[in-house]
Amino acid sequence: MRILVACEYSGTVRDAFRARGHDAMSCDLLPTDAPGPHYEGSVLDILDDGWDLMIGHPPCTDLAVSGAAWFKEKIADGRQAASLAFVRALMDAPIPRICIENPVSVISTHIRKADQVVQPWMFGHMEQKATCLWLKGLPPLRPTAMVYSEMMLLPKRERERLHYLRPSPTRWKERSKTFQGIADAMADQWDGTWSDPQMSLFAA
């Protein structure tokens, strides 16, 4: 398949699909951190380029409920509205299979509820970080390696490592990178071979 991974600089999801033989390209305003096909610019420029699948990671800065303390300011100056408009543009792209990924956010209240919430511990990582998925034409991800019990034996600071990261110039990058186990599950399960490729989980 031809796969567009929107708003990804790390190449993690792109490379998971490429490792399985797909023609995958990442796109971000930033250059890619890993060598590989990458469009440096706005994803809105290439949404009409005949993709079979898009996985989008729109910026969550103005949307995630973890930043609710700043919502009043972001609503007043239009930043939140602009971010929601960008999410809608991705959801409405002329692509038959779409996944939009974000933390728990106002997307669920202003656009629609997420179809699925996944955690790294469902895919072999002993960490907690709720990630919401809004799906079109795709089945929900199936857990691949449940390690919840083992994870809960760890200290809170370890299982919530990303929450406790010290401030640094690269902190935002590490917090936004897709866990490898989730990327691998996407590539393995969203390869176009499920039983009903016409299914749609998007609300009308």
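Q: I would appreciate a short explanation of the nonpolar core in the present structure.
A: As a rule of thumb, soluble globular proteins bury nonpolar side chains together. Grouped together as the largest cluster of nonpolar side chains are 26 residues, with contacts concentrated most on F17, I55, C99, L133, L141, M186 and W190. For this core, the secondary-structure elements that each account for two or more residues are β1 (2-6), α1 (12-18), β4 (53-56), β7 (131-136) and α8 (180-189). At five residues, the largest contribution of residues to this core is made by α8. Counting residues in hydrophobic clusters, the runner-up holds 24 residues, among them M25, I95, V106 and I107.

Q: Any chance you could explain the packing of aromatic side chains here in plain terms?
A: Each aromatic ring pair is described using two quantities: the centre-to-centre distance and the angle formed by the ring planes. All chains considered together, the criterion is met by one aromatic pair. Taking NZ or CZ as reference, R2 lies 4.2 Å from the ring centre of W51, over its face.

Q: When you look at the pattern of salt bridges in this model, what are you seeing that I'm missing?
A: One side chain can pair with another of opposite charge once the charged atoms of both are near each other. Scanning the model with the defined rule gives eight salt bridges in all. A salt bridge links D184 to R20, with the shortest nitrogen-to-oxygen separation between them at 3.6 Å. Remark: R20 occurs in the loop between α1 and β2 (23-28) and D184 occurs in helix α8; sequence separation between them is 164 residues. Note on D184: relative accessible area 24%, which makes it partly exposed. With a shortest N-O distance of 2.9 Å, R112 and D115 are connected by a salt bridge. Look at R112 and you get buried, because its relative accessible area is 13%.

Q: Would you explain α8 in this entry?
A: Because each turn of an α-helix spans 3.6 residues, side chains separated by three or four positions in sequence point in the same direction. Counting buried positions over the ten residues of α8 gives seven, a clear majority of the element. Turning to α8, its buried residues are G181, I182, A183, A185, M186, A187 and Q189. Looking at the buried side of α8, the elements it contacts are α1, β4, β5 (97-102), β6 (116-118) and β7.

Rules used in this analysis
Residues numbered from 1 in each chain as written. Predicted model: local features only at pLDDT ≥ 70, side-chain atom pairs only at ≥ 80, totals over all residues. Heavy atoms only, no water. Core = buried A, V, L, I, M, F, W, Y, C linked by side-chain atoms within 4.5 Å. Buried < 20%, exposed > 50% of the residue type's maximum accessible area, 1.4 Å probe, protein only. Helix = DSSP H or I, 4+ residues; strand = E, 2+ residues; numbered from the N terminus. Phe/Tyr/Trp six-rings, centres within 6.5 Å; stacked < 30°, edge-to-face > 60°. Lys NZ or Arg CZ within 6 Å of the ring centre and 35° of its normal. Salt bridge = Lys/Arg side-chain N within 4 Å of Asp/Glu carboxyl O. Contact = heavy atoms within 4.5 Å.

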